[in-house]
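The lines below spell out each chain.
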Amino acid sequence: MDEREQQRRRRLAAGLLGLAPGEKVSSEQQKLSAATVSVVLSDMIGHIQRAVRERGSGIAIVKPNGDLAWFSAQDVVEELDKAVRTGDAGIATVFREILTLLEKLDPDDHVLFGMATGSALRVFRLPIDDPSGYLRRLLKEWGG
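Conventions we followed
Throughout, residues of each chain are indexed from 1 in the direction in which the sequence is written. It should be noted that, the model being predicted, local features are given only for residues of pLDDT at least 70 and side-chain atom pairs only at 80 or more, the latter also being counted only at that level, while totals for whole chains, interfaces and linings use all residues. Neither water nor hydrogens contribute to the side-chain values; these are computed over all heavy atoms in the structure. Only DSSP runs of H or I reaching four residues or more are called helices, and only runs of E reaching two or more are called strands; each is numbered from the N terminus. We call two residues contacting when some pair of their heavy atoms lies within 4.5 Å. Take a side-chain nitrogen of Lys or Arg and a carboxyl oxygen of Asp or Glu: if they are within 4 Å of each other, that pair is a salt bridge. Accessibility here uses a 1.4 Å probe with only protein chains present; expressed as a share of the type maximum, an area under 20% marks a residue as buried, one over 50% as exposed, and anything in between as partly exposed. Note on terminology: a nonpolar core comprises buried Ala, Val, Leu, Ile, Met, Phe, Trp, Tyr and Cys residues joined through side-chain atoms within 4.5 Å. For two strands to be treated as a pair, DSSP must find at least two bridges joining them. Lines are fitted to the C-alpha atoms to define the axes, a helix being fitted only along its stretch in contact, and any angle between axes, read from their N-to-C directions, falls within 0 to 180 degrees. Given the number of residues in a helix, its expected span is that number minus one, multiplied by 1.5 Å. Roughly parallel refers to an angle under 35 degrees, roughly antiparallel to one over 145, roughly perpendicular to one between 65 and 115, and oblique to any angle outside these ranges. With the far helix as reference, a near helix turned anticlockwise by less than a right angle produces a left-handed crossing, and one turned clockwise produces a right-handed crossing. Residues are grouped as follows: Ala, Val, Leu, Ile, Met, Phe, Trp, Tyr, Cys and Pro are nonpolar; Asp, Glu, Lys and Arg are charged; all remaining types, including Gly, are polar.

**Q** Before we move on, could you go through the environment of Asp108 and cite the residues and values that matter?
**A** For Asp108, the position within the fold is in the loop between α4 (89-104) and β3 (110-116). Between the alpha carbons of Asp108 and Asp129 there is a distance of 9.1 Å; along the sequence they are 21 residues apart. The contact partners of Asp108, leaving out residues within four places of it in the chain, are Gln49 and Ile128.

**Q** Before we move on, can you summarise the pattern of salt bridges with the specific residues and values?
**A** Pairing between side chains becomes possible if they bear opposite charge and their charged atoms approach one another. Applying the stated rule across the entire model yields one salt bridge. In this structure, Glu79 engages Lys82 in a salt bridge whose closest nitrogen and oxygen atoms are separated by 3.3 Å. Separated by three residues within a single helix, Glu79 and Lys82 lie in helix α3 (residues 73-86), roughly one turn from each other. Residue classification places Lys82 among the partly exposed residues on the basis of a relative accessible area of 39%.

**Q** Describe in detail the nonpolar core, supporting the description with residues and values.
**A** Counting residues in hydrophobic clusters, the biggest one holds 17 residues, and the most contacted among them are Ile59, Val76, Ile98 and Leu121. Listed by contribution, the elements that provide at least two residues to this core are β1 (58-62), β2 (68-72), α3, α4 and β3. Take this core: its biggest share by element is six residues, from α4. With 12 residues, the next largest nonpolar core counts Leu41, Ile48, Ala51 and Leu126 among its residues.

**Q** I'd like a description of the sheet that holds β1, backed by residues and values.
**A** One open sheet holds the four strands; their spatial order is β2-β1-β3-β4, and the pairing between them is mixed. Across the chains shown, the open sheet's two edge strands, defined by having one partner strand only, are β2 and β4 (121-127). Each strand of the sheet is rotated relative to its neighbour by a mean of 25°, with strand direction disregarded. Inspection of the sheet shows β3 paired to β4 by seven bridges, in the antiparallel sense. Counterpart to Phe113 in the pairing with β4 is Phe124. Here helix α2 (residues 27-55) sits on the sheet and contacts β1, β2, β3 and β4; the angle it forms with β3, its principal contact strand, is near 105°. The strands that α4 touches are β1, β3 and β4; relative to β4, the one it contacts most, it runs at about 20°.

**Q** Pulling in residues and values, what's your account of α2?
**A** With 29 residues, α2 extends 41 Å between its outermost C-alpha atoms, agreeing within 8% with the 42 Å of an ideal straight helix rising 1.5 Å per residue. All of the buried residues in α2 are Ser33, Ala34, Leu41, Met44, Ile45, Ile48, Gln49, Ala51 and Val52. Count one or two residues on from α2 and you reach Gly56, which has phi positive near 95°.

**Q** Talk me through the side chain of Gln49; I want residue IDs and the actual numbers.
**A** On the secondary structure map, Gln49 appears in helix α2. Judged by relative accessible area, Gln49 falls into the buried class, the value being 17%.

**Q** Break down the packing of α3 against α4 for me, citing the residues and quoting the values.
**A** Following both chains from N to C, one finds α3 and α4 inclined at 155°, their axes separated by 8 Å at the closest point. Between α3 and α4, the crossing angle belongs to the class labelled roughly antiparallel. Both α3 and α4 take part in a crossing whose hand is left-handed. Here α3 contributes Ala73, Val76, Val77, Glu79, Leu80, Ala83 and Val84 to the contact with α4, which in turn contributes Ile91, Ala92, Phe95, Arg96, Ile98, Leu99 and Leu102. Partitioning the contact of α3 with α4 into residue classes produces 12 nonpolar, no polar and two charged.

Pasting the structure below:
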């Protein structure tokens, strides 16, 4: 992971968890933050796995207005076609990557989750067995 990506993740963690840059995170704060994120991600993973069982392969995406939408593999293909038709190369690339991931992922090991803004779509591959692992590592290094 490059430095810019690490900085972005640190800013995100600071904003979401109320952490101050450069300050050590207490053991209690680490546990609370990790537990909070783990509960939220585990709940989301359960919803995504249920959608996969009921509707087939797909990705859950938080839309810019905060709504959660399910995009089946067919929906992703349709969005890819729309992006190609409108000349949006960036979003077309993201939808191609999503299709590749949907073909390869085992929903018992990982699920896909996306966050959309007005101009971008960020895709996360969440491991079922340890969805908050990255956060725990980040908290241990915070302020070091």
